[in-house]
Structure formats: structure tokens, C-alpha cells
Amino acid sequence: MTLAFERNGSLCVEGVSLADIAARFGTPCYVYSRAALTQAYLSYTDTLRAHGLIDRAMVCYAIKANSNLAVLNVFARLGAGFDIVSGGELARVLAAGGSPDKIVFSGVGKKPAEITEALKVGIHCFNIESASELTTLNEVAARLECIAKISLRVNPDVDAKTHPYISTGLKSSKFGVAYTEARAIYRHAASLENIKVVGIDCHIGSQILDPAPAAEAVDKLLALVDALAEDGIVIEHIDVGGGMGITYRSDEIAPSTAEYLAPTLAKLASRKEKLIFEPGRSLVGNAGLLLTRVDVLKHGIDKNFAIVDAAMNDLMRPAMYDAWHEIVKVQSTPVGADDTPLQKRTYEIVGPVCESGDWLGHDRNLALNEGDLLAILSAGAYGMAMASNYNTRPRAVEVMIDGCDAHLIRQRENAAQLFALESLLP
Ligand code: LLP
């Protein structure tokens, strides 16, 4: 939310003006701040240090939130681990300089080929989500003559009180194994020759603003860890997943990392297990924005539309979750095209894609001219990562600001690249 600030009539990120970025790299353009990424990561490590837990904790960035190599590299240089959900994400982490032994592999449907790659590079742990997956993993590990370290994702059945599409810890969820079945699955896992039980994990949802559900989930995990000890199964690490929310709207204040983690860490402080955290959104969400230009203003009978050059294919969250992103002008334009003072109007901020669902903001009160630049805030998480080429639209460029430097970290695609892998019939 606070990523961009005004200087000399233009919004800036760190030492670079967004108007300059648009002129240099074009729009739509995702802009990230290295300083903001770093600060977000350090808020986790500082909190863990303050609780005396840093020496037995690992922060594994959930790369699904934003998997640009430069973003991953910033975190790798800070010593982060990574939470991945596919072979593609594994390849990205390795290409970005991440250590294999700090990788946890989540996801409900890992393929044998993906498991093979992960075993070959020696990842830290497989977060297992079903008994069937355990069988597959044991078989692949046997073939490779190695031991696979596993954690079981247990569904603690707590309500994260977030959007239903991103709530994952309820009984009805496709994720994890039922709490009541976990002990039996652990016993089965412990009996498998090429499996070593090392951990337990959960992830109850995303964009969670209340610290209580995470702490409640930890209580349930701890009870299970103690029950497993009675079965002779030693749990070396507890992975509490990700989920901490961020501020998207100015009237919705997210807790700080320290506030969010305090009740959870209080429950873990007296334990001896190692700890793993899998934050995604909270590390990148407010470290990025989407820069877009107003191409067309259309004053309809019922509504005013500002048609911008970013669309639902660039930022899917509004269309998919009805999500709110603040939209602000990059430069103030006091007069309109006819030199009269520019009036604010209520606009629908929409993209050029042929869908009624292609909107980025409803009812935004802005004074706009065609050609104005807008910044769509809090777009660093699940923005570019969920972008598509719908309508054969090249995806946005990505730029990382580092002090007074702006680095192009992903070029814009061209149309030919978008169909380069397609072929005509003979
Ligand atoms: N760990 C696991 C196993 C996950 O499934 C996720 C996110 C995370 C960690 C990171 O959660 P975070 O800290 O980012 O809340 N596309 C949606 C969010 C989907 C989250 C999926 N899982 C959105 O744009 O809101």
C-alpha cells in the first residue's frame, strides 16, 4: 500500500519515478521494490529472532505468489528457503540460486517426474497430502535408491475466516489429510522403507488478518505431535504454512508480522522442534504495483469507463476473487484536454479484454485524462504469477527498483512468441 510516494509531481518507488519507468519500459508494467521485498523478509527473521527462535526456524518463501527469478534471487541472497508446488517452480528456484536443501515441496498432485527431480537435487522435505502420494513417493525413492523425507499436511479444520476460494484448512477442503486420519497415515509412512518422517505441516488459507486461527491450528498440530511421539514417531519440524494477510484497502489494516506471529510463536517457544514458515503474499504483495496507462475514456449513460492497457489477464484477482486493489494516479493532471479544470468522476477501471468480468476496480473516484498513468497497488503477489495470454495479449514487463536503478527483470513478449509452439496441420 505504501510502496509509492509522491515526489516532484510524480509517484516514485524508491529513487525512481513511475513516469520515467513507463517512458522507459512501456505499460502495462509490474514494478517491484528490492527494499520492500527485503524489509518484508526481515520482518519474519527479526520476529523469530526476538522470540529466540531464529536458530531453529526457516522461512520458505511460497514462490507461487511471485516467481520471477530476480524476486527469488533477492530472497535467496537473504538466506531464504522456498516452498514450491511443481517441477517448474523447482527449476525456477535452482535457476535463481536457491539452495535445494531449503526447499519444501507442497501440492496435492505431484507427478513422479517432478518427485524424481526433487529427490535428485536433495530437497529438504516433501509435504505429503494423501496416502496415495506417499505410495508414489516411496516407489520413486526406491527406484532412485534414496530416502525421501516427508511431512504430512494435516487439515486442522479451523476456519481462517477469509475468502472461500483461498480458505484451505476446513474439513471440506481438497488439501491435506483429515486430522482424524493423520495418525494412521503417519504409522503407515513410518513403515515404508524409502520414507523418513521428519515433519508435520498445515496451511489454513490466505489473506488471513486475524492471528487467532493460525495459533489454533498450531495447538492442534502440537497435540498430534505428542500423540505421534507415543507411537514412536519423532517429528523434527513443524511447518505452519503461510497465510498472513496484507493491507489492500486503506480502511483494512493488516497486523504487522510481529503481531500476527506472536500467538503462534508463544505456543512454539517451549518446544524443541524446528519451525518452518511458508509466507507468500506477505513477502511480495505490497512490494509490487502494476503500472498502466488510460487508453480510452468512455462516458456512458449509466457509468463512466476508463479503459486501461492492463487487463484481467495481467491481474486476475479482481475478476476471480472480487478483490480490491487501490488505484491511484501517478501524476496529477489539473486540467482536462479542453483546458478546463479536471473534475473527478466515478469510473469503472477496466481492461480491453472481451469479457464483462474484465475489470480492475469498480466505482473509483478519479480525475482522469486519456494518456494518464495509473498505479494499481498491492499487486506484487498473485499478479504476474497468475497472468495469462488471454486475447493473445503479451504479458506485462517486470521491473525491479533497487535504489535509483531500475532493472528490467522480464521483457515484454511479442505476438510471434505467443504462438511459437503452435503448428499448422500438414
Ligand atoms: N503454503 C501453501 C501450501 C499454500 O498453498 C500457499 C498459498 C502458501 C503457503 C502461501 O500463502 P500466502 O502466504 O501467500 O497466503 N491466488 C490467491 C491466493 C492463493 C493462495 C494459494 N496458496 C490470491 O490471489 O489471493
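Computed from a prediction, not measured in an experiment: that's the story for all the values here.

Asker: Would you explain the packing of aromatic side chains in this entry?
Answerer: The geometry of an aromatic ring pair is captured by the separation of the ring centres together with the interplanar angle, meaning the angle of the planes. Inspection of every chain in the model, using the stated rule, returns 4 aromatic pairs. Taking 6.2 Å as the distance between ring centres and 15° as the angle between the ring planes, the aromatic pair formed by Tyr-30 and Tyr-32 counts as stacked. Tyr-32 matches Tyr-30 in its accessibility class, with the two residues each being buried. Plain terms: the ring middles of Tyr-61 and Phe-75 are 4.7 Å apart, the flat faces sit at 50° to each other, and that makes the pair tilted. Of this pair, Tyr-61 sits in strand E5 (residues 57-62) while Phe-75 sits in helix H3 (residues 69-77), and the two are 14 residues apart along the sequence. Considered together, Tyr-61 and Phe-75 belong to a single accessibility category, that of buried residues. Put simply, the rings of Tyr-41, Tyr-61 and Phe-75 pair up and form one aromatic cluster. Lying across the ring of Phe-105, Lys-110 places its NZ or CZ 5.6 Å from the centre.

Asker: What am I meant to see in the domain arrangement of the chain here?
Answerer: Interface size is commonly expressed as the accessible surface area that is lost when the partners come together. Per the domain assignment, the segments of the chain are domain 1 (4-32 + 286-418) and domain 2 (34-280). The centre of domain 1, based on its C-alpha atoms, is set 33 Å off from the matching centre of domain 2. With 22 residues of domain 1 at the interface, the matching set in domain 2 holds 20 residues. Summed over both sides, the interface of domain 1 with domain 2 buries roughly 1900 Å², with 55% coming from carbon and sulfur. Taken as a group, Tyr-321, Trp-324 and Tyr-382 account for 28% of the area that domain 1 buries against domain 2, more than any other trio of residues on that side. Linking domain 1 with domain 2 are 1 salt bridge. Asp-402 serves as the salt-bridge partner of Arg-34, at 3.1 Å between the closest nitrogen and oxygen. Inspection of the region where domain 1 meets domain 2 yields 11 residue pairs in polar contact (both at pLDDT 80 or more). Elements with a contribution of two residues or more to the side of domain 1 that touches domain 2: helix H11 (317-321), strand E20 (397-402) and strand E21 (405-410). Per element, the largest residue contribution to the side of domain 1 that touches domain 2 is 4 residues, and it comes from E20.

Asker: Teacher, can you tell me more about the site of the ligand here?
Answerer: Inspection of the region around the ligand gives 19 residues, with Ser-206, Glu-278, Arg-317, Tyr-321 and Tyr-382 positioned closest. At 2.4 Å, a side-chain N or O of Ser-206 approaches an oxygen atom of the ligand. Measuring from an oxygen atom of the ligand, one finds a backbone N or O atom of Arg-281 at 2.7 Å. Taking 590 Å² as the accessible area of the ligand by itself, protein coverage stands at 91%. Its residues assigned to classes, the shell around the ligand comprises 6 nonpolar, 7 polar and 6 charged. For the shell around the ligand, the two domains that each supply at least three residues are domain 1 (4-32 + 286-418) and domain 2 (34-280).

Asker: Even after reading the chapter, I still don't get the sheet that holds strand E3 (residues 16-17), so can you show me in this structure?
Answerer: In space, the 3 strands of this open sheet follow the order E1-E2-E3, with antiparallel pairing throughout. Both edges of this open sheet fall to strand E1 (4-7) and E3, since each of them pairs with a single strand only. Examined bridge by bridge, strand E2 (residues 10-13) and E3 share 2 bridges and lie antiparallel to one another. The partner of Val-13 across the bridge, within E3, is Val-16.

Asker: Got a minute to help me understand the pattern of salt bridges in this structure?
Answerer: Enumeration over the complete set of coordinates arrives at 18 salt bridges. Two residues, Asp-219 and Lys-267, come together in a salt bridge whose shortest N-O distance is 3.1 Å. Placement of the pair is Asp-219 in helix H8 (residues 212-230) and Lys-267 in helix H9 (residues 257-268), with a sequence separation of 48 residues. The class of Asp-219 is partly exposed, set by a relative accessible area of 39%. Of the charged contacts in the structure, one is a salt bridge between Glu-348 and Lys-303, with a shortest N-O distance of 3.9 Å. Placement of the pair is Glu-348 in strand E17 (residues 345-350) and Lys-303 in the loop between strand E14 (288-299) and strand E15 (304-308), with a sequence separation of 45 residues. The exposure class of Glu-348 is buried, given its relative accessible area of 6%.

Thresholds applied
Residues numbered from 1 in each chain as written. Predicted model: local features only at pLDDT ≥ 70, side-chain atom pairs only at ≥ 80, totals over all residues. Heavy atoms only, no water. Phe/Tyr/Trp six-rings, centres within 6.5 Å; stacked < 30°, edge-to-face > 60°. Buried < 20%, exposed > 50% of the residue type's maximum accessible area, 1.4 Å probe, protein only. Helix = DSSP H or I, 4+ residues; strand = E, 2+ residues; numbered from the N terminus. Lys NZ or Arg CZ within 6 Å of the ring centre and 35° of its normal. Domains from an automatic or database assignment. Contact = heavy atoms within 4.5 Å. Buried area = accessible area lost by both parts, 1.4 Å probe. Salt bridge = Lys/Arg side-chain N within 4 Å of Asp/Glu carboxyl O. Polar contact = N/O pair within 3.5 Å; in protein donor to acceptor, adjacent residues only side chain to side chain. Near = heavy atom within 4 Å. Areas by Shrake-Rupley, 256 points an atom, 1.4 Å probe, with all protein chains shown as cover. Nonpolar A, V, L, I, M, F, W, Y, C, P; charged D, E, K, R; others polar. Pairing = 2+ DSSP bridges.

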